[in-house]
Amino acid sequence: DRLLISGTDSLGDFVLALAFVETMKRRYPKCSIEVFASLYASPILENNPNVDRIVRVQNDMLRKDNLYKKDLLHKIKRGNYKAVVVLFPERRISQLFHKADIPIRIGTAGRFHSLFFNVHLLHSRKSNKKHESAYNLEFLSFFKDGPTVMKPKVYLLEKELNNARRILSEAKVNFPFVVLHPGSGGSAECWPMHQFIELYGALNQAGVNVVISGSEDEGEACDKIAKAKGISLKKITGRTDLRTLAAVLSLSNVVVSNSTGPLHLAASLGTQVVGLYPSKKIMSPRRWGPLGDSDIVMLPQAEECRCPDKRCTCMETISIEAVFKAITSLHLQVQVR
């Protein structure tokens, strides 16, 4: 009667867990589906008709504050959950589920903290043979058959869309427009920021409305590069929370981003994306690619990156001309439709 799904990892990973969450609600509509999520990523669950309750977790507090950990344990016990599915097996949280004595604790095998689970899924994600969303859906093997949702979806409110329109209007961004999101939060190798700025200039000269999104720090870094190149930027950096950013991405024709959370967020909202990925197996688009209908993934010229870990230059070989061509082709498709 009460099922807990735990996915307390980063934004992109969590977006790719949404199909599993929605599938469980479709198969068990009378069951209360509750989700453990990180404080940062949890807003994407708001207004989702398939989620009955969100339990927000501050991962940094969990690591350093024993009182916070004790309070979280009490919260789990009060939930009286019959089962928990641990999509992201964080050690401390997995231990709390064990201490709370949830009767059915489903998680992956092969890790030290797998001992906290009493039902184990035998698969290894390290091989990167499947998409991350497909790995999550493998947990369905423990449940009854039924409809399966294959793509993630985020549900926005009209007031959030109106707020996004206001911010875009204040930034003097006209419709239709393209979003460039140059940051990655350190989750993947990045296409150099100066190439994003040069791409911005090329799109602007071609008459394409374009805006930069990201954090305030990323906005300042973009400004420095743009000033040196004599390019005037329209940007909304530092002006959006996660829900408002999602609304902006949903209103755009195309989003261009490194392999990071906002890329998957845009795809979950039905926006076409151009994803810039490194030639590294651990970051392969086979596992981490966008799940849109006609998105474009771009890779460096080298089939496999052999750069030192702290100085990858492969991403620089993705040409501005190639990204420009990909954007304009998608941009035109949306306008025609």
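The structure we're discussing is the one just above.
Parameters and conventions
Residues numbered from 1 in each chain as written. Predicted model: local features only at pLDDT ≥ 70, side-chain atom pairs only at ≥ 80, totals over all residues. Heavy atoms only, no water. Buried < 20%, exposed > 50% of the residue type's maximum accessible area, 1.4 Å probe, protein only. Helix = DSSP H or I, 4+ residues; strand = E, 2+ residues; numbered from the N terminus. Pairing = 2+ DSSP bridges. Phe/Tyr/Trp six-rings, centres within 6.5 Å; stacked < 30°, edge-to-face > 60°. Lys NZ or Arg CZ within 6 Å of the ring centre and 35° of its normal. 1 Å grid on protein atoms, 1.4 Å probe; cavity = no way out; pocket = protein on both sides within 12 Å on 5 of 7 lines; lining within 4 Å. Points joined across faces, edges and corners; volume = space filled by probe spheres on them. Nonpolar A, V, L, I, M, F, W, Y, C, P; charged D, E, K, R; others polar. Axes fitted to C-alpha atoms, helices over the stretch in contact; angles between N-to-C directions. Parallel < 35°, antiparallel > 145°, perpendicular 65-115°, else oblique. Left-handed = near helix turned anticlockwise from the far one by under 90°. Contact = heavy atoms within 4.5 Å. Salt bridge = Lys/Arg side-chain N within 4 Å of Asp/Glu carboxyl O.

A. Quick look at the pairing of strand 7 (residues 177–181). Here strand 7 lies mainly inside the structure; 5 of its 5 residues are buried. Burial of the side chains of strand 7 extends over both faces: Phe177, Val179 and His181 are buried on one face and Val178 and Leu180 on the other. Where strand 7 lies against strand 8 (residues 209–212), 4 bridges are found, and the strand directions are parallel. Counterpart to Val179 in the pairing with strand 8 is Val211. In this structure, strand 7 lies alongside strand 9 (residues 254–258), joined through 4 bridges in parallel fashion. Residue pairing in the sheet places Val178 in a bridge with Val254 of strand 9.

B. Inspection of the packing of aromatic side chains at higher detail. Scanning the model with the defined rule gives 5 aromatic pairs in all. Lying over the aromatic face of Tyr28, Lys144 brings its terminal NZ or CZ to 4.9 Å of the ring centre.

C. Here's a closer look at unusual backbone geometry. Of the consecutive residues Phe175 and Pro176, the connecting peptide bond is found in the cis state with omega at -10°. Look at Asn47: it is not a glycine, yet its phi comes out positive at around 65°. Along the chain, the position of Asn47 falls in the loop between strand 2 (32–38) and strand 3 (53–57). The phi torsion at Asn80 lies on the positive side, around 50°, for a residue other than glycine. Considering the arrangement of structural elements, one finds Asn80 in the loop between helix 4 (66–79) and strand 4 (83–86). Residue classification places Asn80 among the partly exposed residues on the basis of a relative accessible area of 48%.

D. Focus on the layout of surface pockets. Estimated volume of the second largest pocket: approximately 200 Å³. Around the second largest pocket, the lining comprises 14 residues; the ones closest to its centre are Lys151, Ala267, Gly270, Gly292 and Asp293. Broken down by class, the residue content of the lining of the second largest pocket amounts to 4 nonpolar, 5 polar and 5 charged.

E. The packing of helix 4 against helix 5 (residues 91–99), seen in detail. Closest axis-to-axis distance for the helix 4/helix 5 pair is 9 Å, and the angle between their directions is 50°. In terms of orientation, helix 4 and helix 5 fall into the oblique class. Taken as a pair, helix 4 and helix 5 cross one another with a handedness that is right-handed. On helix 5, the residues that touch Lys69, Leu72, Leu73, Ile76 and Lys77 of helix 4 are Leu96, Phe97 and Lys99. Across the contact of helix 4 with helix 5, the residue classes tally to 5 nonpolar, no polar and 3 charged.

F. View of the sheet that holds strand 8. As summarised here, the arrangement of the 5 strands in space is 8-7-9-10-11, forming an open sheet in which the pairing is parallel. This sheet does not close on itself; its edge strands, each paired only once, are strand 8 and strand 11 (296–298). Sheet twist, expressed as the average angle between the axes of neighbouring strands with direction ignored, equals 15°.

G. Main features of the side chain of His264. In this structure, His264 sits in helix 11 (residues 261–268). What makes His264 buried here is its relative accessible area of 5%. Those residues in contact with His264 that lie beyond four places of it in its chain are Gly12, Val15, Leu16, Tyr277, Trp288, Gly289 and Pro290.

H. Just the pattern of salt bridges, in detail. The final tally for this structure, using the stated rule, is 18 salt bridges. With a closest N to O distance of 3.1 Å, Glu170 and Arg166 form a salt bridge. Of this pair, Glu170 and Arg166 are both found in helix 7 (residues 158–170), 4 residues apart, which corresponds to roughly one turn of the helix. By relative accessible area, which is 42% here, Glu170 ends up partly exposed. Classification of Arg166 by relative accessible area gives partly exposed; the value is 41%. The partner of Lys235 in a salt bridge is Asp223, and the shortest N-O contact between them spans 3.1 Å. Note that Lys235 is positioned in the loop between helix 9 (216–229) and helix 10 (242–251) and Asp223 in helix 9, a separation of 12 residues in sequence.

I. Looking closely at empty space enclosed by the protein. Considering all chains together, one arrives at 1 cavity of 30 Å³ or more under this definition. Volume-wise, the largest cavity comes out at about 60 Å³. Looking at the largest cavity, the residues that line it are Gly7, Asp9, Asp13, Phe14, Ala17, Leu87, Phe88, Arg125, Glu132 and Asn136. Contributions of two or more residues to the lining of the largest cavity are made by helix 1 (11–15) and helix 6 (132–137). Considering only residue class, the lining of the largest cavity consists of 4 nonpolar, 2 polar and 4 charged.

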